[in-house]
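Listed here are the chains, written in short residue letters.
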Amino acid sequence: MKAAILVKQKAPLEIAEIELPQKMEYGQVLVRVLFSSICGAQLNEIDGVKGEDKFLPHLLGHEGSGLVEETGPGVTKVKKGDRVVMHWRRGDGLQGPTPKYLWGGKTVNAGWVTTFNEYAVSSENRLTPITGQTDLKTATLYGCALTTGYGVVHHDSHLKSGESLVVFGAGGAGSGIIMMAKLINAYPLVAVDINKFKLNEALKMGASHSLLNSPKIRQDLEKILGLQGADVTIDTTGINAVRELAYETASTAGRTILVGVPKKGEKMAIDSFPLHFDKALTGSFGGDVNPSLVIPRLIKLEEQGILRPEKMITKTYPLLKINEAIKEVRTGDVIRVAIRL
Ligand SMILES: [Zn+2]
């Protein structure tokens, strides 16, 4: 089967034929992957943002969808033929061992779920079966972008209806947060980015205001939020200057959530004094969601037409063109890019 492999950091993925493990182990499920999205986390893995990668060569991708082909011992949550969302966070079910694939006699490592490969040996707890009519391309977004957005809004920021929110970075993660914040009517709901296309899309996804990040961004934010600042600010960029701006934009009793991951060794400079009073600053790890609970909730809203996740996928590429797709995610006018396997 074909897979896109991370062989070397800061280099294009290698597309090659690799071999599946001989049999499914306890808790493992073989999935025919049909779609994947590309998330910032994969760009970070390629770029080595967290430092040296000890698992090379390895597979990657962590939000996908597909069909169950075969189940290993102990698996009860899914069966052959089920349509599933593949998600990086742990849900209900067993956690099997991580699989090892073979590439011309060499071992290719993989985590509990990977989605840039035509077949994936996944752990049962990384799969959520979906019933109903949900489109499998759209369903990839339930693997990370939308579930993380849900968790950041509800678990990390405890955002309430009518509270003001500024989201810095209107890519996939930012859009997921905007959609979830719109569901509970945060207002004003401000998107900040350097890309005009993304800002325009943010308005379609529920932002009430969009602002280009320019040297006069502080004045622009003040015009919308007043002098007191925002109830909640969220950074999805991982860029230090933006993270600091997010912290400064929150009110004296505001909450700032850091979703974007900084480069290894980078440090923020903040005035920590307000933290001794009511201001709060926290980092998010995938919004602390249990996909088994959250995915069915979101699909229910999609089926009612309340949530329109398909707006987030701007373009679709075949697996063979994944490096082009990755380039598009880095620099193009796109929110999420899907890969067809
Ligand atoms: Zn992700």
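Residues numbered from 1 in each chain as written. Predicted model: local features only at pLDDT ≥ 70, side-chain atom pairs only at ≥ 80, totals over all residues. Heavy atoms only, no water.

The name an unreviewed UniProt entry gives the protein chain is Zinc-containing alcohol dehydrogenase superfamily, with Candidatus Gottesmanbacteria bacterium GW2011_GWA2_42_18 as the organism. As its UniProt record puts it under Cofactor (unreviewed entry), the protein chain is described as follows: "Zn(2+)". Regarding the protein chain, the UniProt comment filed under Sequence similarities (unreviewed entry) reads as follows: "Belongs to the zinc-containing alcohol dehydrogenase family." (UniProt positions renumbered as here; feature names shortened; annotations may be inferred.)

Undergrad: Can you help me understand the sheet that holds strand β12 (residues 189-193) in this one?
TA: By way of backbone hydrogen bonds, the strands of a sheet pair with one another, either parallel or antiparallel. Spatially, the 6 strands line up as an open sheet ordered β13-β12-β11-β14-β15-β16, and their pairing is parallel. With one partner strand each, in any of the chains shown, β13 (209-212) and β16 (280-283) form the two edges of the open sheet. The average undirected angle you get between the axes of adjacent strands in this sheet is 15°. With respect to the sheet, helix α7 (residues 240-249) is in contact with β11 (165-168), β14 (230-235), β15 (250-258) and β16, its orientation differing from that of β15 by roughly 145°. (Pairing = 2+ DSSP bridges. Helix = DSSP H or I, 4+ residues; strand = E, 2+ residues; numbered from the N terminus. Axes fitted to C-alpha atoms, helices over the stretch in contact; angles between N-to-C directions. Contact = heavy atoms within 4.5 Å.)

Undergrad: Explanation requested: the side chain of D53 in the structure shown.
TA: Mapped onto the secondary structure, D53 falls in the loop between α1 (40-47) and β4 (58-59). The buried charged residue D53 lacks any salt bridge, with K54 as its nearest oppositely charged partner at 8.3 Å. Within the structure, D53 has its side chain in polar contact with the backbone nitrogen of F55 (distance 3.0 Å). A distance of 2.7 Å separates polar atoms of two side chains, one belonging to D53 and the other to H58. Beyond its immediate sequence surroundings of up to four residues, D53 is in contact with L6, Q9 and H58. (Buried < 20%, exposed > 50% of the residue type's maximum accessible area, 1.4 Å probe, protein only. Lys, Arg positive; Asp, Glu negative; His and termini not counted. Salt bridge = Lys/Arg side-chain N within 4 Å of Asp/Glu carboxyl O. Polar contact = N/O pair within 3.5 Å; in protein donor to acceptor, adjacent residues only side chain to side chain.)

Undergrad: Hey, could you run me through helix α8 (residues 291-303) in this one?
TA: An α-helical turn contains 3.6 residues, so a residue and the one three or four places further along point in the same direction. End to end, α8 covers 18 Å across 13 residues, agreeing with the expected 18 Å (1.5 Å per residue, within 8%). In this structure, the buried residues of α8 make contact with β6 (83-87), β10 (127-129), α2 (136-139), α3 (145-156) and α4 (172-183). The opening residue of α8 is N290, an N-cap whose side-chain oxygen sits 2.9 Å from the backbone nitrogen of S292. Two residues or fewer past α8, G305 is found with a positive phi of approximately 75°. (Expected span 1.5 Å × (residues − 1).)

Undergrad: Just to check I follow, could you spell out the pattern of salt bridges for this structure?
TA: Under the defined criterion, the tally for this structure stands at 13 salt bridges. Among the ionic pairs, K216 bridges to D220, the shortest N-O distance being 3.0 Å. Of the residues examined, D220 reaches a relative accessible area of 10% and is grouped as buried. Through salt bridges with shared partners, a single network forms among K216, D220 and K223.

Undergrad: Before we go on, may I ask you to explain unusual backbone geometry in this structure?
TA: Peptide bonds are mostly trans, and most non-glycine residues show a negative phi. A cis geometry characterises the amide bond from L56 onward to P57, with omega recorded as -10°. Checked against the element boundaries, P57 lands in the loop between α1 and β4. For N185, which is not glycine, the phi dihedral falls at a positive 55°. Tracing the backbone shows N185 in the loop between α4 and β12.

Undergrad: Explanation requested: the UniProt feature "domain: Alcohol dehydrogenase-like C-terminal" (unreviewed entry) in the protein chain in the structure shown.
TA: This chain's UniProt record puts "domain: Alcohol dehydrogenase-like C-terminal" (unreviewed entry) on residues 174-288. Measuring from the first to the last C-alpha atom of residues 174-288 gives 16 Å, for a span that is 34% helix and 24% strand.

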